Amino acid sequence: MRRALALLAAFALATGPTLRAEAPKAPADCIFCRIAAGTAPSRKVYEDPYVLAFWDIRPRAKVHLLVIPKQHVASLKELDELPAEARAALLSACVRVAREEGILDSGFRVIANSGQDAGQSVFHLHFHVVGGEKLREDAITRDPAK
Ligand code: DGP
């Protein structure tokens, strides 16, 4: 019995870091972490235990909101590091804020720029929820200059 327990303990020590889901470290200067923590200002429209939604500081449509997870992950590439509840809450929040801003039926777009080629500028996962007017059809294209 003692031998079995010792083996179990050795196994737990050996595999611990891979089995444990550790929250990724956020950069100290992450602006969206600071907004989520309430130490930087934002025009908040929705909050639950997993996500926060607020107006984009540089709106490019009549309605332009950002939906972020409170837990830091850099981009969609790291989506699987979030718990399933947060992943579900993110999409639900996109629909919810679209409804609350009155753009659910007129139409809206949800965009997540991920990485350099997509032009991501803030490396804390966020979904742009845009609408409130006719959006350009070609918002997802190759840069014609390249
Ligand atoms: P992206 O390019 O996809 O990484 O979008 C980042 C967006 O974040 C961009 O539209 C501007 C917005 N943004 C950057 N800093 C702030 C901020 O401090 N507050 C708010 N509300 N939005 C910000």
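Residues numbered from 1 in each chain as written. Predicted model: local features only at pLDDT ≥ 70, side-chain atom pairs only at ≥ 80, totals over all residues. Heavy atoms only, no water.

1. Details of the site of the ligand
- In the neighbourhood of the ligand, 16 residues make up the surrounding shell, with Asp 56, Arg 60, Asn 113, Ser 121 and His 128 lying closest.
- In the environment of the ligand, an oxygen atom lies 2.7 Å from a nitrogen or oxygen atom belonging to the backbone of Ser 121.
- Between His 126 and the ligand, the recorded distance is 3.0 Å, taken from a side-chain N or O atom to an oxygen atom.
- Of all elements in the fold, only α2 (31–37) and β2 (51–55) reach the threshold of two or more residues within the shell around the ligand.
- Its residues placed into classes, the shell around the ligand shows eight nonpolar, six polar and two charged. (Near = heavy atom within 4 Å. Polar contact = N/O pair within 3.5 Å; in protein donor to acceptor, adjacent residues only side chain to side chain. Helix = DSSP H or I, 4+ residues; strand = E, 2+ residues; numbered from the N terminus. Nonpolar A, V, L, I, M, F, W, Y, C, P; charged D, E, K, R; others polar.)

2. Some words on the environment of Pro 41
- Position of Pro 41 relative to the elements: it lies in the loop between α2 and β1 (44–47).
- As for Pro 41 and Phe 54, which are separated by 13 residues in sequence, their C-alpha atoms are 9.9 Å apart.

3. Focus: the state of the cysteines
- Under the defined criterion, the tally for this structure stands at zero disulfides.
- Of the cysteine sulfurs around Cys 30, a residue in no disulfide, the closest is that of Cys 33, at 3.6 Å. (Disulfide = S-S within 2.5 Å.)

4. Quick word on the pattern of salt bridges
- As enumerated under the stated definition, the model contains four salt bridges in all.
- Between Asp 56 and Arg 60 there is a salt bridge, and its shortest N-O distance comes to 3.6 Å.
- One salt bridge connects Glu 100 with Arg 96, and the closest N-O pair in it is separated by 3.1 Å. Residue Glu 100 and its partner Arg 96 are located together in helix α3 (residues 84–100), separated by four residues, close to a single helical turn.
- Judged by its relative accessible area of 36%, Arg 96 falls in the partly exposed class.
- Counted as one network, the salt bridges with shared partners bring together Lys 44, Glu 47 and Lys 70. (Salt bridge = Lys/Arg side-chain N within 4 Å of Asp/Glu carboxyl O. Buried < 20%, exposed > 50% of the residue type's maximum accessible area, 1.4 Å probe, protein only.)

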